[in-house]
Amino acid sequence: YTLWIDATDGEIRNFELKRKESNGNNISQNHAVAIARKFVQEFYKGEMKEEMFYIDETDESAGIYSFRFTPIIEEVEIVSDAYTVNVSTSSGEVIKFTNDFSGTEFHKKEADTDVEEVLEKYYEEYGDMDYNGLAIVRSFYTRYEPKLTHSFRTVQDQQQSMVFIDVATGMSINQLYY
């Protein structure tokens, strides 16, 4: 394993399994999500949104089930605190774990920007966007401070992404691709 630990709070932020193992059988998606869920529950026990992505096998590696678990507090997705867990399809082992922040605190407030205004303002840049609700993000543009945002799903050049617009300023402050 390669392990990264946060020097300020001692939390595990990332690890990767560096060996290749296979028992010759592939595990099911349901089995993989159970493994990932159990693993994440060692770090967070609250309500979470689950998303799954499948990464095809290549000559260098077996297929991977990749899961993102996003904490939800007061109906707000805490995107900055999301946990990503990759499970090998061939061994069922957790081969990668990532979590950039944990324990993010925020104060839910009324949005100064209207969702319809945001959709109109950013149509040229992002095209059709589907509103996904409120989310907390941290990014370079927020100086890594938590910001309450409107989150949207969109597709640009056949690439799915999430766009985050600051509820106070109406400015785009982050975009995640997946």
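Small disclaimer: the values here were computed from a predicted structure and weren't measured. Each chain carries its own residue numbering, running from 1 in the written order of its sequence. In keeping with the predicted nature of the model, local features appear solely for residues at pLDDT of at least 70, side-chain atom pairs appear and are counted solely at 80 or more, and the whole-chain, interface and lining totals rest on all residues. To get the side-chain values, take all heavy atoms of the structure and skip hydrogens and water.

Student: Talk me through the overall build of the protein chain; I want residue IDs and the actual numbers.
Tutor: A count of helices and strands for the protein chain gives 3 helices and 11 strands. Along the protein chain, helices and strands appear, N-terminal first, in the series β-β-α-β-β-β-β-β-α-α-β-β-β-β. Across its three principal axes, the protein chain shows a C-alpha extent of roughly 55 × 40 × 25 Å. Looking at the protein chain residue by residue over its 178 residues, the buried ones come to 42%. Total accessible area on the protein chain is roughly 10,800 Å²; 46% of this is exposed by carbon and sulfur atoms. Helix and strand definitions follow DSSP, with helices as H or I runs of at least four residues and strands as E runs of at least two, each counted in order from the N terminus. When accessible area is computed with a 1.4 Å probe and restricted to protein chains, residues below 20% of their type maximum are described as buried, those above 50% as exposed, and intermediate ones as partly exposed. Only the protein chains shown count as cover for residues, and the accessible areas themselves come from Shrake-Rupley with a 1.4 Å probe.

Student: Quick one: what's the story with the nonpolar core, residue by residue and with numbers?
Tutor: Residues belong to one nonpolar core when they are buried, are Ala, Val, Leu, Ile, Met, Phe, Trp, Tyr or Cys, and are joined through side-chain atoms within 4.5 Å. Counting 17 residues, the largest nonpolar core has Phe-67, Phe-69, Val-85 and Val-87 as its most contacted members. Counting only elements with at least two residues in this core, the list comes to α1 (29–40), β4 (64–73), β6 (83–88) and β7 (94–99). Here Phe-69 is in contact with Ala-36, Arg-37, Val-40, Met-48, Lys-49, Glu-50, Ala-82, Tyr-83 and Val-85, once residues within four sequence places are set aside. In what follows, residue pairs with any heavy atoms lying within 4.5 Å of each other are defined as contacts.

Student: Can you explain unusual backbone geometry? Please cite residues and give values.
Tutor: For Tyr-144, which is not glycine, the phi dihedral falls at a positive 65°. Position of Tyr-144 relative to the elements: it lies in the loop between β8 (129–137) and β9 (147–156). Note on Tyr-144: relative accessible area 43%, which makes it partly exposed. Positive phi is not limited to glycine here, since Asp-157 has a value of about 50°. With respect to the element layout, Asp-157 can be found in the loop between β9 and β10 (159–166).

Student: Help me get a handle on the side chain of Thr-154, residues and values and all.
Tutor: Along the chain, Thr-154 falls in strand β9. Polar side-chain contacts of Thr-154 include one of 2.9 Å to the backbone oxygen of Asp-128. Polar contact criterion, stated in full: a pair of N or O atoms within 3.5 Å, where within protein one must be able to donate a hydrogen and the other to accept it, and residues adjacent in sequence count only if both atoms are side-chain atoms.

Student: Describe in detail the confidence of the model for the protein chain, supporting the description with residues and values.
Tutor: Mean pLDDT over the protein chain stands at 89; residues scoring 70 or higher make up 93%. The element-level mean pLDDT for the protein chain is lowest in strand β1 (residues 2–5), coming to 86, with strand β5 (residues 76–78) highest at 96. Per-residue confidence from the prediction method is given by pLDDT, with values spanning 0 to 100.

Student: How would you explain the pairing of β7 if you had to name every residue and give the values?
Tutor: DSSP bridges decide pairing: two strands pair if at least two such bridges lie between them. When strand β2 (residues 12–16) meets β7, the two strands line up antiparallel, connected through 3 bridges. Note that in β7 the partner of Asn-14 across the bridge is Thr-98. Bridge count for β6 against β7 is 5 bridges, and the pairing is antiparallel. Following the sheet pairing, Thr-84 is matched in β7 by Thr-98.

Student: Break down the packing of aromatic side chains for me, citing the residues and quoting the values.
Tutor: Any Phe, Tyr or Trp ring, taking Trp's six-membered ring, that has another such ring centre within 6.5 Å forms a pair; planes under 30 degrees apart are called stacked, those over 60 apart edge-to-face, and the others tilted. If you walk through the whole model with that rule in mind, you get 13 aromatic pairs. A connected cluster of aromatic rings, assembled from ring pairs, spans Phe-15, Phe-39, Phe-43, Tyr-44, Tyr-83 and Phe-97. Whether a charge sits over a ring comes down to the Lys NZ or Arg CZ being within 6 Å of the ring centre and within 35 degrees of the ring normal. Positioned over the ring face of Phe-101 is Arg-138, at 4.2 Å from the centre of the ring.

Student: Explain the pairing of β4 residue by residue, including any values.
Tutor: Of all the 10 residues making up β4, 9 are buried; the element is thus mostly covered by neighbouring parts of the structure. Sheet topology note: the strand β3 (residues 48–55)/β4 ladder contains 8 bridges and is antiparallel. Considered in β4, the bridge of Glu-51 is made with Arg-68. Relative to β5, β4 runs antiparallel, the two sharing 2 bridges. Bridge pairing in β5 places Ile-72 opposite Glu-77.

Student: Now, about the environment of Trp-4: what can you tell me, with residues and values included?
Tutor: In this fold, Trp-4 is placed in strand β1. For the pair Trp-4 and Ile-55, spaced 51 residues apart in the sequence, the C-alpha separation amounts to 23 Å. Among all residues touching Trp-4, those that are not within four sequence positions of it are Glu-11, Ile-12, Arg-13 and Asn-14.

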